[in-house]
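Below are the chains, spelled out letter by letter.
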Amino acid sequence: MKILVIEDEPTVHLGLCNTLKSAGHQTGSATNAQDGITLFRSEQYDLVITDLVMPGKGNGMDVLSAVKEYAPRSGVIVITAYGNVKTAVEAMRRGAFDYVTKPFEPDELLIIISKFSLQIKLEHENSLLREEVQEKRHVKNLIGESPAILKLRDTIRAVAGSDSSVLILGDTGTGKELVANAICSLSSRTGKPFVKINCAAVPETLFESELFGYEKGAFTGASTRRKGKLEAAQGGTVLLDEIGDMPLMIQAKLLRVIEERTLERLGGNDPVAIDIRLICATSKNLKEAITDGTFRKDLYYRINVVPVMVPALRERRQDIYLLASFFLELFSARSAKPGLTVAPSAMAALERYNFPGNVRELRHAIEMGVALCPGDIITMQHLPAEIREFSAVDDISTANGGATFLMDKLRRLERDEILLALEETGGKKSLAAEQLGICRRTLWKKMRDLGIPNLLPEEDD
Ligand SMILES: Nc1ncnc2c1ncn2[C@@H]1O[C@H](COP(=O)(O)OP(=O)(O)OP(=O)(O)O)[C@@H](O)[C@H]1O
Ligand SMILES: [Mg+2]
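What you see is a predicted model; the values in this text were computed from it and never measured. (Residues numbered from 1 in each chain as written. Chains lettered and ligands numbered in written order. Predicted model: local features only at pLDDT ≥ 70, side-chain atom pairs only at ≥ 80, totals over all residues. Heavy atoms only, no water.)

As for the overall build of the chain
Just so we agree on the cut-off: Numbered from the N terminus, helices here are DSSP runs of H or I no shorter than four residues, and strands are runs of E no shorter than two. What the globule rule says is 2.2 Å times the number of residues to the power 0.38, and the radius of gyration is computed from C-alpha atoms. Only protein chains enter the accessibility calculation, which uses a 1.4 Å probe; a residue whose area is less than 20% of its type maximum is buried, one above 50% is exposed, and one in between is partly exposed. In what follows, a contact means two residues having at least one pair of non-hydrogen atoms within 4.5 Å. We get accessible surface area from the Shrake-Rupley algorithm with a probe of 1.4 Å; when it comes to residues, only the shown protein chains can shield them. In this tally Asp and Glu are treated as negative and Lys and Arg as positive; neither His nor the chain ends contributes. Lys charges are placed at NZ, Arg charges at CZ, Asp charges at CG and Glu charges at CD.
A tally of regular secondary structure across the chain gives 19 helices and 16 strands. Here the C-alpha atoms of the chain give a radius of gyration of 32 Å, more than 25% beyond the 23 Å that 2.2 N^0.38 yields for 461 residues. Split into buried and exposed, the 461 residues of the chain put 44% on the buried side. Taking as baseline every contact in the chain between residues at least 6 positions apart, the subset at least 24 positions apart corresponds to 68%. As presented, the chain carries roughly 24000 Å² of accessible surface, and 54% of it is formed by carbon and sulfur atoms. If the 58 positive side-chain charges of the chain are averaged to one point and the 63 negative ones to another, these points end up 1 Å apart.

Let's talk about the site of ligand 1
The criterion, for reference: Neighbouring residues are identified by heavy atoms, a residue being near a molecule or strand if any of them is within 4 Å of it. In protein, a polar contact means a hydrogen-donor-capable atom and an acceptor-capable atom, both N or O and within 3.5 Å, with residues adjacent in sequence counting only if both atoms are side-chain atoms; elsewhere, any N or O pair within 3.5 Å suffices. The definitions used throughout rest on a 1 Å grid laid over the protein atoms alone, on which a cavity is an enclosed set of points accommodating a 1.4 Å probe that cannot get out and a pocket is an open set flanked by protein within 12 Å on both sides along at least five of seven lines; lining residues are those having an atom within 4 Å of a point. Should more than half of a molecule's atoms lie within 2 Å of a pocket's or cavity's grid points, that molecule is taken to sit in it. All residues other than Ala, Val, Leu, Ile, Met, Phe, Trp, Tyr, Cys, Pro, Asp, Glu, Lys and Arg, Gly among them, are scored as polar; the first ten of these are nonpolar and the last four charged.
Close contacts around ligand 1 come from 17 residues, with Ile 143, Thr 172, Gly 173, Lys 176 and Arg 360 the closest. One nitrogen or oxygen atom from the main chain of Thr 174 is found 3.4 Å from an oxygen atom belonging to ligand 1. With the chains in place, 87% of the 630 Å² that ligand 1 exposes on its own is no longer accessible. Counting atoms within 2 Å of the grid points, the majority share of ligand 1 lands in the second largest pocket. Going through the elements one at a time, α7 (176–186), α13 (318–334) and α15 (358–372) are the ones with two or more residues in the shell around ligand 1. Each residue belonging to the shell around ligand 1 can be placed in one class, and the counts come to 6 nonpolar, 5 polar and 6 charged.

Re the layout of surface pockets
Filter applied, for reference: Grid points are joined across faces, edges and corners, and a volume is the space filled by probe spheres set on the points.
Put simply, the largest pocket is a space of about 1200 Å³. Lining the largest pocket are 42 residues, and of these Gln 44, Ala 71, Pro 72, Arg 73 and Lys 192 lie nearest its centre. Mapped onto the lining of the largest pocket, the elements with two or more residues apiece are α2 (33–43), α3 (60–70), β4 (75–80), α5 (106–141) and α9 (229–232). The dominant element in the lining of the largest pocket, judged by the number of residues it contributes, is α5, at 10 residues.

Some points on the sheet that holds strand β7 (residues 194–198)
This is how it is decided: When DSSP finds two or more bridges between two strands, those strands count as paired. Lines fitted to C-alpha atoms define the axes, with helix axes restricted to the stretch in contact, and inter-axis angles between N-to-C directions lie between 0 and 180 degrees.
Within the open sheet, the 5 strands sit side by side as β7-β10-β13-β6-β14. Their pairing is parallel. Where the open sheet ends on each side, the last strands, each with one partner, are β7 and β14 (306–309). Across this sheet, the average inter-strand angle for adjacent strands is 20 degrees, counted without regard to direction. Sheet topology places β7 next to strand β10 (residues 237–241); 5 bridges connect them, and they run parallel. Bridge assignment links Val 195 to a residue of β10, and that residue is Val 238.

A word on the domain arrangement of the chain
Applicable threshold: Delimitation of the domains relies on an automatic or database domain assignment.
On domain assignment, one finds that the chain holds domain 1 (2–119), domain 2 (142–309) and domain 3 (315–450). Look at where the C-alpha atoms of domain 1 and domain 3 centre, and you get two points 69 Å apart.

Digging into the confidence of the model for the chain
Put simply, the test is: pLDDT: the predictor's confidence for each residue, scored from 0 to 100.
Looking at the chain as a whole, its pLDDT mean stands at 89, while 93% of the residues score no less than 70. Predicted confidence in the chain is weakest over helix α17 (residues 401–424), with a mean pLDDT of 73, and strongest over strand β13 (residues 277–282), with 98. This stretch, residues 393–400, has a pLDDT under 50; its non-local contacts, to residues over four places away or in other chains, come to 13 contacts.

With respect to the pairing of strand β1 (residues 2–6)
The buried count for β1 comes to 4 of 5 residues, which makes it a mostly enclosed element. Pairing between β1 and strand β2 (residues 26–30): 5 bridges, direction parallel. Each residue of the ladder has a partner; that of Ile 3, found in β2, is Thr 27. Sheet topology note: the β1/strand β3 (residues 47–51) ladder contains 4 bridges and is parallel. Within β3, the residue paired with Val 5 across the bridge is Ile 49.

Here we look at the packing of helix α8 (residues 204–212) against helix α10 (residues 248–260)
Put simply, the test is: Angular relationships are summarised with four words: roughly parallel below 35 degrees, roughly antiparallel beyond 145, roughly perpendicular across 65 to 115, and oblique for the angles in between. Handedness of a crossing is defined here by the sense of rotation of the near helix relative to the far one, left-handed for an anticlockwise turn of less than a right angle and right-handed for a clockwise turn.
Packing of α8 against α10 leaves a shortest axis separation of 10 Å and a crossing angle of 15 degrees. One element, α8, and the other, α10, form an angle in the roughly parallel class. Relative to α10, α8 is oriented so that their crossing is right-handed. Contacts from Phe 207, Glu 208, Leu 211 and Phe 212 in α8 reach Met 249, Ile 250, Lys 253, Leu 254 and Val 257 in α10. Its residues assigned to classes, the contact of α8 with α10 comprises 7 nonpolar, no polar and 2 charged.

A closer look at the nonpolar core
The condition is simple: Definition used in this section: a nonpolar core is a set of buried Ala, Val, Leu, Ile, Met, Phe, Trp, Tyr and Cys residues joined via side-chain atoms within 4.5 Å.
Formed by 32 residues in total, the largest nonpolar core has its most connected members in Leu 211, Leu 230, Leu 240, Ile 243, Met 246 and Ile 303. Of all the elements in the fold, those that place two or more residues in this core are β6 (166–169), β7, α8, β10, α10, β13, α11 (286–292) and α12 (297–303). Filtering out sequence-adjacent residues up to four positions away, Ile 303 remains in contact with Ser 165, Val 166, Leu 167, Ile 243, Ile 258, Leu 278, Cys 280, Leu 286 and Phe 295. Counting 27 residues, the second-largest nonpolar core is a separate cluster that includes Ile 320, Phe 327, Val 342 and Leu 350.

Topic: the sheet that holds β2
Strand order across the open sheet formed by 5 strands is β2-β1-β3-β4-β5, with parallel pairing between neighbours. At either end of the open sheet lies a strand with only one pairing partner, and these are β2 and β5 (98–101). Taking the axes of each pair of neighbouring strands and ignoring which way they run, one obtains an average angle of 20 degrees across the sheet. Here β4 pairs with β5 via 4 bridges, running parallel. Its bridge partner lying in β5, Thr 80 is registered against Thr 101. Sheet strands in contact with α2 are β1, β2 and β3, and its direction is about 165 degrees off that of β1. Packed on one face of the sheet, helix α4 (residues 85–93) meets β4 and β5 and runs near 165 degrees to β5.

Written out as structure tokens, the structure reads:
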């Protein structure tokens, strides 16, 4: 294990280091709190053994807070003077692993260290198990078996294995946030902080302090120092959602953070080293935004190391059935209406619809169907108007889903034949009617009933 010893008394210090080295540990050392903290930040130790009272600025408690802030998984063992158990207890309360009282036997310390190392091992095994479960859960969360989704899952796995910046692109409601969640939980940063910022929801005036934090006194009202969201994600992942809505001034600051891997809090002079993985998402066309001057080109290249495209639902219609079934199960369980089904006609309408709002719209449609359906079959009439109208199937009252299905099929067949005839005759209704063997008036009526648009103005027909 990599252990940092912070102790001012030379004999105790030397004794400690020797004990640790002979037990096979790697050691680092400092003789005051300040140097200790600096060393810890730059080298990252598994365990810190620190004296509580030392000369100079800061004490063992400051070391403890710094360790817990920068690397909460690293352990701290405090050394207290005889009779100072109260402080030791306080240290335990603040997250120290254990304490020893001076003078102590080397063995006493080594036993504590092996307890700590056992805990780390168990935590590690635990997190491996958790990852395994999460991998299954997270990739499963992303419903769909279309080639487009299979490819997306592969991309997610590949991207999760790297630490590069990812830009998730896709229309509204396609599942960009779900993809970001999956990438984060499959990555090595799983279990570390995952901070999401919706750039469209942060007021411009608050953006800077929200993202970068501020020092005490940075502005009126800044009575204490506050960490920004980027710093809160230290060691983990940040999702900048709707990055296309980030103000230009903030874009410039973010670019600096990415390039220099440090940030400055508002009103602060000391740069803070920052270790985050950046995932950005947008439904906007960023290239257009660059041309319009609302998005920085240099930032675009920085965040777009690996682009991940989330396909629109209409480009993977075969997933509609799976997704609808998934949401049906979800909402029927939630509203305690077990055994609900979607009538084949309604399902067919869903599969035909173009879903401008993508998966979110489908989810809402099923939620509405579950809420409105009095019996146990969701039919067309329980679906949102847009879907009913799009499908161009009249509101046939249905006591029986099977009959509706047949009607739908016939209507669709009729619709397809008419569309074909219109296509072949360049949209001329008189010719199309002739070809179909019906009169022009009948054709016109059928077109209206079936929701076929009249592309040619009357006089050209
Ligand atoms: N493949 C999928 N499987 C299951 N649920 C999905 C899938 N894709 C999206 N969803 C669900 O659809 C809804 C919208 O997804 P999400 O919020 O991730 O979309 P988005 O692309 O971030 O949308 P926006 O651009 O509006 O922010 C969520 O409820 C999400 O759980
Ligand atoms: Mg989103």
